[in-house]
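An overview of the molecular structure
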Amino acid sequence: MLSQNHLHVSLLYIVLLTGTKYGCGGGGCGACTVMVSKYDQLNNRVLHYTVNACLQPICTLHGAAVVTVEGIGSTKTKLHPVQERIAKAHGSQCGFCTPGMVMSMYTLLRNKPHPTMEDIREALGGNLCRCTGYRPIIDGFKTFCDVSNAFNLFPQASCLIQSTCLLTKMHMFSLLITSKHLFHMDNVLPLDPSQDLIFPPELMIMGKKRACGSLCFQGDRLKLISPVDLTNLLELKTEYPEAPVVVGNTTIGPNMQVKGVHHPLTIYLFVIYLLCVHVHAGVSMGAVCTLSSLKEEMERAVREMEAERTRGYQALLQTLRCLAGKQIRNMATIGGNILSANPKYDLNSVLAALDCTLQVMSKENGTRAITLNEELFTGFGKTVLRPDEVLLSIDIPYSKPWEFVSAFRQAQRREFAFSIVNAGMKVLFREGTNIVESLNIYYGGVGPTLVKVGRTCQKLVGRSWGEELLADACRLLEEEVELSDSAHGGKVEYRKTLTTSFFFKFYMQVLQELRERDVNVCLLPLEYLSALNVCLFPLQLVSNAQSSQDPVGHPMMHQAAFHQATGEAQYYDDIPAVQGELFVYMVTSTRAGSLFDCFWIAESREQARRAAQMVKVTYQDLLPVFFTIEEAIQHQSFFDPKRKLERGDMDKAFETVDQILEDEIYLGGQEHFYMETQGLIAVPKGENGELELFVASQHSAYTQEVVGITLGIDSNKITCHVRRLGGAFGGKVMKIASLSAITATAAVKTGRPVRCVLERGDDMLITSGRHPFLGKYKVGYNNDGTIMAADITYYSNGGCTLNESLAVSLLRALNSILCMTQWLSIPNLRGRGLVCKTYLPSYTAFRGFGGPQGLMVMESVLHEVAVKCGLPPQKVREINMYREEECYTHYKQLFSPRDMLRCWDECLDKAGYHDRLQAIQQFNTSNRWKKRGISAVPMKFGVGFSKGFFNQGAALVNIYKDGSVLVAHGGTEMGQGINTKALQIASHILKVPMSSIHIKETCTGNVPNAAPSAASFGTDAVGMAVKDACEKLMRRLKPFMENHPKYTWQQWVINQHPPDYNKVNMMGPHTDMDWENSEGPAYYYFTFGACCSEVEIDCLTGDHKNLRTDIVMDVGRSLNPAIDIGQIEGGFVQGIGLYTIEELQFSLEGVLMTRGPSQYKIPALCDVPPQFNVHLLANAQNPHAIYRSKGIGEPPVFLASTIFFAIKEAVAAARRERGLGDSFPLSSPATAERIRMACEDQFTEMAPSPEKGTFKPWSINI
Ligand SMILES: Cc1cc2nc3c(=O)[nH]c(=O)nc-3n(C[C@H](O)[C@H](O)[C@H](O)COP(=O)(O)OP(=O)(O)OC[C@H]3O[C@@H](n4cnc5c(N)ncnc54)[C@H](O)[C@@H]3O)c2cc1C
Ligand code: FES
Ligand code: FES
């Protein structure tokens, strides 16, 4: 008997191998992707498909073979070509997503050894990566394509418009060039399908035999029965009417695992009763068909049948292409999608519009047919099916000759996201005319169930398809779609607008088709057709004089990439359970501003989770509570220190300028969403109170200190070990220390090892992320665009405690004021930085800390000045740029802007900015509902902490008698390649190959008191320390080497006294900010760059597509161009999330509602610009840092603001056409909702904003 744990808990926790990762537990990230193989009795073949292990109950795998990443290759035996190529193409940074990526690609190749780029895009659509920006992953995998197939990455886009076709091809060209430079195909393993694992013969024999009995799995809390046939299923459903029928488990699974819903008995369907049959009136799909097989069937029908009969299927395909990721579509069934009765699920609106029929059956009443319409659904998650009934099949009719069908959906992210509103629409005309005979319109996402706008449809029957019908339809829709201002899910005006906008698209589409059939309909202005459209890395060359054995400056592969690609790389939660280990689980407060503190310790992960769910909390409320920056300003609730910087004579400047502008901009926060959630294992050693922590920390010395203070133990008895982190981005600097203190307390109190692994939702809730900002500004400028004075106050929401903000604010929190001018030379300037105290969890460091927000406020100021002056933003930028050879920042730090100006000029040139600007203007004139925008920004970003003592690195280099070298340093490897660069440096100085040098882990016992790996300074500090240590060792060896020039390295070191070969070194540049006098060297040096991006928006839905980005970045002389480009691309794509799609929603009560990948969308593959060119500035130098390189971790995030401003330009173009002003508010992120509502038109006018105070909003801007 399996324990209850093993019944519904997924495959993920059963596989005691380390490659299959936990990222979210709800099917939303793909980190747990494995391949399942099953014998398909009907077609006598073996099916291979990917699933999310986290949603795959272990007992449902009876008769199936599972292949995890460990099964396909290993560093100990032989790598699989997929593992090798992702590693060599630099597609693995932190490595946490890598096994999932590998398994998605491996499974694709099992089914199709010569895939197209579209196949790859589809296979990886359900895998998220937070580090790489996806380009190198695609780069590695595209080498499996036939060259003839390679020019087809984004085929939907490429068939839209000619210019996009061109972009697509150019993109592939860039990728080909990249591959050529970054890795070589001549020394990679060929794909040899004959080496693949075979399907186990015993399972084949078992699969061929007809099942002879039902299966029953009994646990202590759960029972799962799988019926042997339909009769058995109906009997079971009669006996246990309340038991859900589980098929794909993609609705039931997340409900049980994430929401804690308990089903004591479930009936699991193994057998595919009815797949798909073509009947005379359409296709009948078995209810248990997966969405992947539905898609294949629809594609086949569209391919093989005349277009007229398959219009409905084409519409279904439109939806299926964007619905979830491949793994989910492989598991989820059509029946489950319908009967989940969730209006956000996409199929019901289309299937209802198509007049589909459900065949349901029960033991008592036999079969009956139910029409799929709004009456099927009686509430959220409820249908009219009787408890003893099961769904057998869905009949999807062929389309009739004069019938037109369309499906629409708009989500927060273009793909792999639940829709906000979806719709299915079908119209039938009297033959040869434009007279409507029948009309079906269904919406999902505008109420708790599917909505049919029956009155509207009825009133339009008999009418001609023309402008009058359109006007009436919109009015009727406005009346019929009821959505209260306080509706669940919020976004009320947007959702209402989408209902009419979708209809307008449908209207246009049908009009166009009628015209093609020579029906006399009103003329369609050409520019209206836009409503219908769906929306080189030249590397630095090292000098010829440099030895080919010297790795510095070469694109070396990430040192652990092979281990990451095979799943052998260990993260903290991969450490096997220790004897007697306990598990700790956090109980979080559900009420803001209440006193409450609790955690639960239990024998297992599952037990701890269940116990924590049962905790009943009594709250002691503290009043009043508030959450927003606005409220904090009202209450004057701020943390100290409050910072101010001032230069020039503000009052005088404001008196003399031509114009003064006052306004504000709001920027939402951002969740780190590192793929590995926070946690640790605390192991008490039993002797002298010693304690070992295996912890996911960017700052192990701080964790050690906090645990020591909490428990009253000296630091010398606490050892923190950090092997690697599955991403961190600033989020694992400080909060992990509190978590460690709790876990260590539990370990010390019980005397047993204790493990703590935050679930994704808890991680998002507890650890918080980037500070939301409000920038209020007053700016004085002259009519020619010269900015003479700027007075800016930055309010950041710090949350409820200062503990984090204090430490971090001293270091970087007020980065926003320091960054405020960046490339702008403004003679009179005042910047104030206030951290608001509210009742939210406290905010923390995140890549660029304060910088991306501070820079964004200044760019917005500039944008507005340009609009007011009637000048292009580029012109205003150039007028106000630092230009002299020697310049001083507003805090009087000397720098030279030369390389910044070079980046700027080169970027505009490489992007063809001026020519494209003209092309865009032309595009906008001829497209009314699609607009494009382009924007370019330069960047100057300070590197290092503004408190000098944090700018230090430490390293210990041991040379052993056998000649091998061990490097230990105080930095943390979290994907940024710090270990690879440290090895390169050590190899360069010691002149031994990198393979003879090893880095084991970061350990407070080896390198004490290390600074955090943060502020883009980790490699600078650690690199310098490694260099210094190695140089000192070499100096000692030198006399002996000179005396014995013919000896080998091993002979040199063996003849020296071993203890001499250990060295710890600390290096640290001096930086210090004098806030009293507004001056000081705040940063060690500046990293420069420039970026240009172009986007296209859909004015009717708010959807946007990133078309092209060009970046020129000054990284000095890169230590490792592959790693640096990886950081630039990864940072940029994270910035795309920050400025466009990542939206955190808080309830009025201050509760975070977006707690997982289902609600919170980080960029996926579909968000990466098809043409994405990153150039490193040639001949750049940096005298201040290791080998003249520059820190690069944080700066690229801000460059994605070009996407935001390009969107703003596109919206402005739409508004200009409607006679509206160019000046309009747009908060960050520029979500689909904000874009749509900013493109004001007749449809948005139908959904006016309700007056404040007359309703309860769903969420608040904190
Ligand atoms: C990460 C993620 C992303 C997703 N994205 C999307 C998306 O973008 N768009 C979208 O539309 N959907 C999306 N989904 C939802 C997914 O499509 C549905 O969960 C899925 O179709 C349900 O099918 P299932 O077989 O997994 O159902 P299960 O979870 O197995 O069952 C769901 C319900 O249906 C009932 N049921 C199923 N089959 C029968 C039957 N034959 N007879 C009687 N009752 C039955 C069950 O009893 C249960 O109540 C997503 C899901 C996840 C996890
Ligand atoms: S852990 Fe399974 S999809 Fe995220
Ligand atoms: S490498 Fe993809 S998440 Fe880190």
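Cut-offs used in this document
Just so you know, the residues in each chain are numbered from 1, in the order the chain's sequence is written. All chains are assigned letters beginning at A, and all ligands numbers beginning at 1, according to the order in which they are written. Two thresholds apply to this predicted model, a pLDDT of at least 70 for residue-level local features and 80 or more for giving and counting side-chain atom pairs, whereas whole-chain, interface and lining totals are computed over all residues. In computing side-chain values, all of the structure's heavy atoms are included and hydrogens and water are not. By the criteria applied, helices consist of DSSP H or I runs no shorter than four residues and strands consist of E runs no shorter than two, each listed in order from the N terminus. Accessibility here uses a 1.4 Å probe with only protein chains present; expressed as a share of the type maximum, an area under 20% marks a residue as buried, one over 50% as exposed, and anything in between as partly exposed. Accessible areas in this description were obtained via Shrake-Rupley with a 1.4 Å probe; residue shielding takes into account the shown protein chains only. UniProt positions are given in the numbering used here, feature names are shortened, and annotations may be inferred rather than shown by experiment. By convention, a stacked pair of Phe, Tyr or Trp rings (six-membered ring in the case of Trp) has centres within 6.5 Å and planes under 30 degrees apart, an edge-to-face pair has planes over 60 apart, and any other such pair is tilted. Paired strands are those between which DSSP finds at least two bridges. We score Asp and Glu as negative and Lys and Arg as positive, and we do not count His or the chain ends. We count a salt bridge whenever a side-chain nitrogen from Lys or Arg sits within 4 Å of a carboxyl oxygen from Asp or Glu. The term polar contact refers here to a pair of N or O atoms within 3.5 Å; inside protein, the definition further demands a hydrogen-donor-capable atom paired with an acceptor-capable atom, and it admits residues adjacent in sequence only when both atoms are side-chain atoms. Every residue pair with non-hydrogen atoms within 4.5 Å of one another is taken to be in contact. Only the contacting stretch of a helix is used when fitting its axis, a line to C-alpha atoms as for every element, and angles between N-to-C directions run 0 to 180 degrees.

Quick look at the overall build of the protein
- Secondary structure summary: the protein contains 40 helices and 42 strands in total.
- Buried residues in the protein amount to 63% of all 1262 residues.
- Of the roughly 45,900 Å² of accessible surface on the protein, a fraction of 52% belongs to carbon and sulfur atoms.

A closer look at the UniProt feature "binding site: substrate" (unreviewed entry) in the protein
- As annotated by UniProt and renumbered to match this structure, "binding site: substrate" (unreviewed entry) occupies Phe849.
- Relative to the helices and strands, phenylalanine 849 is located in the loop between strand E31 (828-836) and helix H29 (851-869).

Details of the packing of aromatic side chains
- Inspection of every chain in the model, using the stated rule, returns 20 aromatic pairs.
- Relative to tyrosine 571, the ring of phenylalanine 96 has its centre 5.0 Å away and its plane inclined at 90°; by these criteria the two rings are edge-to-face. Comparing phenylalanine 96 with tyrosine 571, the two get one shared label, buried.
- The rings of Phe404, Phe429, Trp465, Phe503, Phe506 and Tyr507 are connected pair by pair, giving a single aromatic cluster.

A few points about the pairing of strand E1 (residues 33-40)
- The buried fraction of E1 amounts to eight of the eight residues, a majority that puts the element mostly inside the structure.
- Neither face of E1 is left uncovered, since the one carrying Thr33, Met35, Ser37 and Tyr39 and the one carrying Val34, Val36, Lys38 and Asp40 both have all their residues buried.
- By the bridge criterion, eight bridges tie E1 to strand E2 (residues 45-52) in an arrangement that is antiparallel. Within E2, the residue paired with methionine 35 across the bridge is threonine 50.
- Here E1 folds back onto E2 in antiparallel fashion, the turn holding four residues, of which asparagine 44 has a positive phi close to 50°.
- Pairing between E1 and strand E3 (residues 65-67): three bridges, direction antiparallel. Each residue of the ladder has a partner; that of valine 36, found in E3, is valine 66.

Examining the side chain of glutamate 671
- With respect to the element layout, glutamate 671 can be found in the loop between strand E24 (659-667) and strand E25 (679-684).
- Of the side chains with opposite charge, arginine 760 comes closest to the buried, unpaired glutamate 671, at an N-O distance of 4.7 Å.
- Engagement of the side chain of glutamate 671 in a polar contact is seen with the backbone nitrogen of phenylalanine 673, the distance being 3.3 Å.
- Residues in contact with glutamate 671, not counting those within four places in the same chain, are Arg130, Asp763, Met764, Ser768, Phe846, Glu1142, Leu1144 and Tyr1160.

Considerations on the sheet that holds strand E15 (residues 403-411)
- The antiparallel open sheet is built from four strands, whose spatial order is E15-E16-E17-E18. Across the chains shown, the open sheet's two edge strands, defined by having one partner strand only, are E15 and strand E18 (451-452).
- One ladder, built from two bridges, connects strand E17 (residues 436-444) with E18; its direction is antiparallel. Counted as the bridge partner of tyrosine 442 is lysine 452 from E18.
- Along the sheet, helix H19 (residues 492-516) contacts E15, strand E16 (419-429) and E17; its crossing angle with E15, the most-contacted strand, is approximately 145°.

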